[in-house]
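Breakdown of the fold
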Amino acid sequence: MLWTAFLLGFLGSFHCVGMCGPIALAVAGGKGKSYASNKILYNLGRSVTYAILGLVVGSLGFSMSLAGIQQSFSILMGLMILILAISYKSNSNYSNIPGISKLVVSLKMYLGKFLKAGGKAGYFATGLANGLLPCGMVYMALVAAMALQDPLLGATYMFFFGIGTIPLLAALMWSGNLIPVSYRQSFQRTIPYLGVLIGVLFIFRGLGLGLHGFSPDIQVFNYGAEQIEITMCR
């Protein structure tokens, strides 16, 4: 499923250019050796934040698997991804939500401080904070990471999501030229279709049809008072 994380990040970056483009351009300053290192540290910071969030939601998913509802949880998360994909809007303004608006204001304040401080630590911290900004694509990826029901896999999934956003933002940081709005909109229109595909994959994964690498068969064996789930890959 890791390829879906990278693809989600790449397609989502066409939306990120509009939201995070000004921050990326601010990080683009510097000369000499710092010119490249600033950009790498900033993007690495974003990916690290995504990985930490993936670790958290992956742990939540793991607790669901321990509760013996591994397959049902995978189906539920797949349905949630379908809902998020169908209702996805590239121009969603999450900063208008009361609880999130305060978070956005605080994050922007810290982003300004980190950018002003500069230096390697400042640009890395800018990336860390930027990874917490509300974004529909991030939410969709987090649901997918939770559906994997494993902390390490969740962190890896979100890290790949962050890596997927780098190519386009890096191109913007180096060139300073924005991709035409018409091109960005064309790519953004494919996001709901990818979300639907990912949702369907997780639903089939939870159905346990015995298809190796796609829908493994999960069988439950009773040992006294305990139940043990064993994934049977055929």
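Residues numbered from 1 in each chain as written. Predicted model: local features only at pLDDT ≥ 70, side-chain atom pairs only at ≥ 80, totals over all residues. Heavy atoms only, no water.

When its secondary structure is counted, the chain shows nine helices and two strands. Start at the N end of the chain and walk to the C end: the helices and strands fall as α-α-α-α-α-α-α-α-α-β-β. Residues counted as buried form 44% of the 234 residues belonging to the chain. Put simply, 74% of the contacts in the chain that link residues at least 6 apart link residues at least 24 apart. (Helix = DSSP H or I, 4+ residues; strand = E, 2+ residues; numbered from the N terminus. Buried < 20%, exposed > 50% of the residue type's maximum accessible area, 1.4 Å probe, protein only. Contact = heavy atoms within 4.5 Å.)

Side chains of nonpolar character tend, in soluble globular proteins, to be buried together. By size, the foremost hydrophobic cluster in this structure holds 29 residues, and its most contacted members are L8, Y157, M158, F161 and I198. Counting residues per element, the ones that place at least two in this core are α1 (2-27), α2 (33-66), α3 (70-86), α6 (136-147), α7 (151-175) and α9 (191-207). Considering each element in turn, this core owes the most residues, 10 residues, to α6. Core analysis: the second largest hydrophobic core is formed by six residues, I23, Y42, L111 and A129 among them. (Core = buried A, V, L, I, M, F, W, Y, C linked by side-chain atoms within 4.5 Å.)

Right, let's get into the packing of aromatic side chains. According to the stated counting rule, one finds two aromatic pairs in the structure shown. Ring geometry for Y50 versus F161: centroids 5.3 Å apart, planes at 75°, classification edge-to-face. Placement of the pair is Y50 in helix α2 and F161 in helix α7, with a sequence separation of 111 residues. For F161, a relative accessible area of 2% translates into the label buried. A centroid spacing of 6.1 Å and a plane angle of 25° characterise the contact between Y110 and F114, whose relative ring orientation is stacked. (Phe/Tyr/Trp six-rings, centres within 6.5 Å; stacked < 30°, edge-to-face > 60°.)

Our focus in this paragraph is the environment of L107. Tracing the sequence through the fold places L107 in helix α4 (residues 98-117). On the basis of relative accessibility, which here comes to 7%, the residue L107 falls in the buried class. Expressed as a C-alpha distance, the spacing of L107 and L133, which sit 26 residues apart in the sequence, is 7.2 Å.

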